[in-house]
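Examination of the molecular architecture
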Amino acid sequence: MTVWSVAFVAGWLLIGLPTDPLYAFVWLWTATIAWNSERPFRSHLGFVRDWLPIVILLALYNLSRGFADNGAIPYSFDLIVADRLLIGWATGGEVPTIWLQERLYDPDRIHWWDVAVSWVYFSHFVAALAAAVVLWMTNRARWGQFMRRWGFLCATGLVTYFLYPAAPPWWAAQYGLLEDVARISTRGWRAFGMHGAGNLLNAGQIASNPVAAMPSLHTAFALFVVVFFLANVRKRWWPLLLSYPLAMTFTLVYAGEHYIIDVLVGWLYVGMTFVVVGLGERWWRARKARRAVPEEPAPAVDAGPPAVRPAADRPAESSEPPAPPDPSVTPAGR
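Since the model is a prediction, treat every value here as computed from it, not as a measurement.

1. Section: the overall build of the protein chain
For the protein chain, the count of helices and strands is 13 helices and zero strands. Starting at the N terminus and walking to the C terminus, you meet the elements of the protein chain as α-α-α-α-α-α-α-α-α-α-α-α-α. In the protein chain, which comprises 334 residues, the proportion classed as buried is 42%. Taking as baseline every contact in the protein chain between residues at least 6 positions apart, the subset at least 24 positions apart corresponds to 80%. For the protein chain, the computed accessible surface area is about 19,900 Å², with 66% contributed by carbon and sulfur atoms.

2. Considering the confidence of the model for the protein chain
On average, residues of the protein chain score 79 in pLDDT, and 76% of them are at 70 or above. Every residue in residues 202–207 is under pLDDT 50, and counting partners more than four places away or in other chains gives five contacts.

3. Quick notes on the packing of helix α11 (residues 217–230) against helix α12 (residues 238–254)
Packing of α11 against α12 leaves a shortest axis separation of 9 Å and a crossing angle of 175 degrees. Classed by the angle they form, the pair α11 and α12 counts as roughly antiparallel. Listed contacts from α12 to H218, T219, A222, L223, V226 and L230 of α11 are W238, L241, L242, Y244, P245, M248, T249 and L252. In terms of residue class, the contact of α11 with α12 is built from 11 nonpolar, three polar and no charged.

4. Re α11
Across its 14 residues, α11 extends 19 Å between first and last C-alpha, which sits within 8% of the 20 Å expected from 1.5 Å per residue. Most of α11 is tucked away: 12 of the 14 residues are buried.

5. Describing the pattern of salt bridges
The tally for this structure, following the rule as stated, stands at six salt bridges. Here R149 ties to E281 by a salt bridge, and the two come within 2.8 Å at their closest N and O atoms. Remark: E281 occurs in helix α13 (residues 260–292) and R149 occurs in helix α8 (residues 140–163); sequence separation between them is 132 residues. According to the relative accessible area criterion, R149 is buried, its value standing at 9%. Classification of E281 as buried rests on a relative accessible area of 11%. Taken together, the shared-partner salt bridges connect R49, D50 and R140 into one network.

6. Here we look at the packing of aromatic side chains
Geometry of an aromatic ring pair is reported as the spacing of the ring centres plus the angle between the planes. One pass over the structure, following the stated rule, counts 20 aromatic pairs. The interplanar angle of 85 degrees and the centroid separation of 5.0 Å between the aromatic rings of F146 and F228 together place this pair among those described as edge-to-face. With F146 in helix α8 and F228 in helix α11, the pair connects residues that are 82 residues apart, well separated along the chain. Seen from their ring centres, F224 and F274 are 5.6 Å apart, and the 40 degrees between their planes marks the pair as tilted.

7. Quick look at the packing of helix α7 (residues 127–138) against α8
Put simply, α7 and α8 touch, their axes get as near as 6 Å, and they point 150 degrees apart. Here α7 is positioned roughly antiparallel relative to α8, judged by the angle of their axes. Taken together, the residues of α8 that come into contact with α7 (itself represented by A128, L129, A131, A132, L135, W136 and T138) are R140, R142, W143, F146, M147 and W150. A per-class count over the contact of α7 with α8 returns 10 nonpolar, one polar and two charged.

8. Quick notes on helix α2 (residues 21–35)
The periodicity of an α-helix, 3.6 residues per turn, causes residues three or four places apart in sequence to face the same way. When the terminal C-alpha atoms of α2 are compared, their 21 Å separation across 15 residues agrees well with the 21 Å that a helix rising 1.5 Å per residue should span. Here α2 has its buried residues at P21, Y23, A24, F25, W27, L28, W29, A31 and T32.

Definitions and limits used
Residues numbered from 1 in each chain as written. Predicted model: local features only at pLDDT ≥ 70, side-chain atom pairs only at ≥ 80, totals over all residues. Heavy atoms only, no water. Helix = DSSP H or I, 4+ residues; strand = E, 2+ residues; numbered from the N terminus. Buried < 20%, exposed > 50% of the residue type's maximum accessible area, 1.4 Å probe, protein only. Contact = heavy atoms within 4.5 Å. Areas by Shrake-Rupley, 256 points an atom, 1.4 Å probe, with all protein chains shown as cover. pLDDT = per-residue confidence, 0-100. Axes fitted to C-alpha atoms, helices over the stretch in contact; angles between N-to-C directions. Parallel < 35°, antiparallel > 145°, perpendicular 65-115°, else oblique. Nonpolar A, V, L, I, M, F, W, Y, C, P; charged D, E, K, R; others polar. Expected span 1.5 Å × (residues − 1). Salt bridge = Lys/Arg side-chain N within 4 Å of Asp/Glu carboxyl O. Phe/Tyr/Trp six-rings, centres within 6.5 Å; stacked < 30°, edge-to-face > 60°.

Okay, here's the thing in structure tokens:
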């Protein structure tokens, strides 16, 4: 694990943080190998068998988002109006992103919260994957539950991107629908001189589809991971866990990546995911249970006691004793 950690930091500084699914897959796989280094290499191929299809689906998901707009003008004004209706009472009628950047953003100085924002934003790309890898190594049944819900959440989000292509605040500012909005989700790493840390992330942001803002899967993933493990954690730790999706919400709104309405819809999708997939699993278990019960043989029909012939149909029985044999009759052969 020490060798893996040194290699990870070197790759982080030279190439960038693993925000691409295929690149993240390499680091996660090598992490499982380092953790279980005493096992033969053949046993590590099980990770490739189970995870490579998932990683390919995630890569296709990222690519397909680029076709969600199909050249159409994305929705943006609706989201601006929704945020002003939701939060305008606290921001003087301003969109929350503009209100926050006017008070916290300094283009000439990086504050500690800018650093925290960059790390929270990066966690979106690894938190769910890391949790899934731990489950894969410790509890395969729970891993299956996790992946079914995560896959459903990604699929419903992708369908929504096609049905309702929506642009984030920084896009609206570029086209004059909002005042100046800076996209500052990765600037915090520069405070430590880690200028290459966000190389892959910045490249992905340039290549990705800007009209995939509704719902916010960033906050949806953060809430999803917390809710999935919430029942296994003591209640006194719940506020700490729930602070993560709240921190992600602040990060996305402050950095110009999402509106508040995007966040709320993302949380709604998380609730829908647990309800729909949970019902589907219950139906599947009930179906398997019905198929597992062997069919019982049909019960034999009781024919009852033997039928008794009616008295009218039976020959009359004489009450006189039988006649004695005739002595004049000689037995045959004598």
